[in-house]
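Commentary on secondary and tertiary structure
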Amino acid sequence: MTADVTWEARWEHSECGASGEALFPDEHAPDSGHYDCPEPGEIGWYGQWECICGAGDWEDGDTADSGHECDDEDEEAAA
C-alpha cells in the first residue's frame, strides 16, 4: 500500500494576475479553470506535496507526481 500524497498548489496567470489554489491527489494534472481570460499569457503553478512522513516541493511539469515511496507506511498501518 502506498501512503496518500496530497498536493497543495497555487496558480497565477502571467498577464492578468488572476490566481487561485487547488488540492489534488498525486499523479494528477491540476486544472486552474481560468479559460475565458482576454489577456494572453500562461498559467504558472507553484506547489508542495505532503505525506505522513513529510513534504516536498513540486517542480514545474505536466503532471504533479511526487515519485514518493513512503518509508513510514508500516507505522501508518500500525496506528
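See the structure above.
One structure accompanies this document, and this report is about it. Since the model is a prediction, treat every value here as computed from it, not as a measurement. Sequence positions are assigned chain by chain, starting from 1 and proceeding in written order. Per-residue local features of the predicted model are confined to residues with pLDDT of at least 70, and side-chain atom pairs are confined, for both listing and counting, to 80 or more; whole-chain, interface and lining totals are unaffected and use all residues. Water and hydrogen atoms were dropped before computing side-chain values, which therefore reflect all heavy atoms in the structure.

**Here's the deal with the overall build of the protein**
- What counts as a helix is a DSSP run of H or I of at least four residues, what counts as a strand is a run of E of at least two, and both are numbered from the N terminus. Counting its secondary structure elements, the protein contains 1 helix and 4 strands.
- Expressed as a percentage of the 79 residues in the protein, the buried residues total 28%.
- In the protein, 52% of the contacts between residues at least 6 apart in sequence involve partners at least 24 apart.
- With residues, only the protein chains shown are counted as cover, and all accessible areas are computed by Shrake-Rupley using a 1.4 Å probe. Of the accessible surface of the protein, which amounts to about 5600 Å², a share of 41% is contributed by carbon and sulfur atoms. Burial status follows relative accessibility: with a 1.4 Å probe on protein chains alone, a residue under 20% of its type maximum counts as buried, one over 50% as exposed, and anything between as partly exposed. We call two residues in contact whenever any of their non-hydrogen atoms come within 4.5 Å of each other.

**Describing the pattern of salt bridges**
- Any carboxyl oxygen of Asp or Glu within 4 Å of a side-chain nitrogen of Lys or Arg constitutes a salt bridge here. In total, this model carries 1 salt bridge according to the counting rule given.
- For the salt bridge of Arg-10 with Glu-21, the shortest nitrogen-to-oxygen distance reads 3.8 Å. With Arg-10 in strand β1 (residues 6-13) and Glu-21 in strand β2 (residues 19-25), the pair connects residues that are 11 residues apart, well separated along the chain.

**Regarding the packing of aromatic side chains**
- A pair of Phe, Tyr and Trp rings is counted when the ring centres sit within 6.5 Å of each other, with Trp represented by its six-membered ring. The angle between the planes then sorts it: under 30 degrees is stacked, over 60 is edge-to-face, the rest tilted. Tallied over the full model, the rule gives 2 aromatic pairs.
- Ring geometry for Trp-7 and Phe-24: centres 6.4 Å apart, planes at 5 degrees, overall stacked. Of this pair, Trp-7 sits in strand β1 while Phe-24 sits in strand β2, and the two are 17 residues apart along the sequence.
- Of the residues examined, Trp-7 reaches a relative accessible area of 1% and is grouped as buried.
- For the ring pair Phe-24 and Trp-45, a centre distance of 6.3 Å and an interplane angle of 85 degrees mean the geometry is edge-to-face. Taken as a pair, Phe-24 in strand β2 and Trp-45 in strand β3 (residues 43-51) lie far apart in primary sequence, 21 residues in all.

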